[in-house]
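Residues per chain are reported as follows:
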Amino acid sequence: MTIARVDRPRRAPTAAGRGGADAPSLPRRYRRRSRLTALAFVTPLLAYLAAFYLYPLYRNLDLSLRDYTVRSFVAGDAPFTGWDNVQKVLDDPTFGPAMRHTMVFTFVSIAFQYAIGLALAVFFNRHFRLSTVLRALFLIPWLLPLIVSASTWSWMFNSESGVVNYFLHFFGADPVGWLTSPDWALTSVIVANIWIGIPFNLVILYSGLQNIPAELYEAAALDGAGAWQQFRRITFPLLRPVSAITLLLGLVYTLKVFDLIWIMTKGGPGDASSTLATWSYQLGFGTLLPKFGPGAAVGNILILIALVFGLAYIRVQRRQET
């Protein structure tokens, strides 16, 4: 009787047969190479953040903790004073008005920028004829250099030859010292800042509207919901994440607005339109005897305010996600 021979499948060479003791190190070597490759890609970003964010923050903190003068700033031997510069800023009579103007300027600007931007985003979301062209035209204030926008608004609000007072005179009203009156200077820079910030809100909110399914509006219309009910029940709730990031970015940007106010009013007349940003510049660079320490302390207060609102936003986002 012949017994059939069963051929067993050939086994693959073992790790020892391929390389002996060196084989187990291959996966480790591969992982090390992957880490080095990832680090090589991240290194330029880390270097950028360290050079343009961490180091300036460190230097600003160091300035606020020392008594810097022009000589000690060059020589680098400023004495350490601790929180004295912060205390000087808090005790200064300019701090109260500057903080109040900063809050009014920031929150009024953000409120109107968001409201007008949202209304325009909903309007352009209808996709009517020429909507693309008109939407592009609304981006012009955002694309213009800020010095051009500020100079234009300064000319428009000019007390003698400004176009705004011309229209007031045309309708029989008395001219207003928009940039020279303490009662109107802050209002003037707020109006200009609102105009500049509307396109940003329009673009972000319009992008958020594109992610809302059209089927929701069709179902709501079949149920008899009107335009206002659709906005209140569908559009506004689903835009909350986009609205939150829009408001946060607007807040951080508006807190540090300096060039617009400086070009239009230089924080005046007096301190009528002075904010923390313009006051910080005036302390550090606006006089023949600069006060680097108090100026840096004002800048740190601005950073702290922005950080508080940023952390609050992160906490709200986590609550919504959970």
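All figures in this text were calculated on a predicted structure; none of them were measured in a lab. (Residues numbered from 1 in each chain as written. Predicted model: local features only at pLDDT ≥ 70, side-chain atom pairs only at ≥ 80, totals over all residues. Heavy atoms only, no water.)

### Some points on the packing of aromatic side chains
Moving on, step 1. Per the stated rule, a full pass over the model turns up 21 aromatic pairs.
Moving on, step 2. Relative to tryptophan 279, the ring of phenylalanine 95 has its centre 6.5 Å away and its plane inclined at 50 degrees; by these criteria the two rings are tilted. Linking phenylalanine 95 in helix H5 (residues 95–124) with tryptophan 279 in helix H15 (residues 276–285), this pair joins segments that are 184 residues apart in sequence. Like tryptophan 279, phenylalanine 95 is buried.
Moving on, step 3. A ring pair is formed by tyrosine 281 and phenylalanine 285, whose centres lie 5.7 Å apart and whose planes are at 35 degrees; its orientation type is tilted. Separated by four residues within a single helix, tyrosine 281 and phenylalanine 285 lie in helix H15, roughly one turn from each other.
Moving on, step 4. Looking at phenylalanine 285, the relative accessible area reads 59%, which means it is exposed. (Phe/Tyr/Trp six-rings, centres within 6.5 Å; stacked < 30°, edge-to-face > 60°. Helix = DSSP H or I, 4+ residues; strand = E, 2+ residues; numbered from the N terminus. Buried < 20%, exposed > 50% of the residue type's maximum accessible area, 1.4 Å probe, protein only.)

### Topic: the confidence of the model for the chain
Moving on, step 1. For the chain, the average pLDDT comes to 85, and 91% of its residues sit at 70 or higher.
Moving on, step 2. Looking across the chain, the model is least confident in helix H1 (residues 15–19), with a mean pLDDT of 46, and most confident in H5, with 94.
Moving on, step 3. Confidence drops under a pLDDT of 50 for residues 1–6, and excluding neighbours within four residues, the segment shows zero contacts in the predicted structure.
Moving on, step 4. Counting interchain partners and residues more than four positions distant, the pLDDT-below-50 stretch residues 12–24 has three contacts. (pLDDT = per-residue confidence, 0-100. Contact = heavy atoms within 4.5 Å.)

### Focus: the UniProt feature "transmembrane region" (unreviewed entry) in the chain
Moving on, step 1. The UniProt feature table records "transmembrane region" (unreviewed entry) at residues 36–55, 103–124, 136–156, 184–206, 242–264 and 292–314.
Moving on, step 2. Summarising residues 242–264: 87% helix, 0% strand, and an end-to-end C-alpha distance of 32 Å.
Moving on, step 3. Counted over residues 292–314, helix gives 100% and strand 0%. Its end C-alpha atoms are 33 Å apart. (UniProt positions renumbered as here; feature names shortened; annotations may be inferred.)

### Some remarks on the layout of surface pockets
If a probe the size of a water molecule is rolled over the atoms, the empty space left behind becomes visible.
Moving on, step 1. Taken as a whole, the largest pocket holds about 740 Å³ of empty space.
Moving on, step 2. Along the walls of the largest pocket sit 22 residues, with Asn60, Lys256, Gly299, Leu302 and Ile303 positioned nearest its centre.
Moving on, step 3. Counting only elements with at least two residues in the lining of the largest pocket, the list comes to helix H2 (25–64), helix H13 (240–255), H15 and helix H16 (292–321).
Moving on, step 4. In terms of residue count, the dominant contributor to the lining of the largest pocket is H16 (seven residues).
Moving on, step 5. Split into classes, the residues belonging to the lining of the largest pocket amount to 16 nonpolar, five polar and one charged. (1 Å grid on protein atoms, 1.4 Å probe; cavity = no way out; pocket = protein on both sides within 12 Å on 5 of 7 lines; lining within 4 Å. Points joined across faces, edges and corners; volume = space filled by probe spheres on them. Nonpolar A, V, L, I, M, F, W, Y, C, P; charged D, E, K, R; others polar.)

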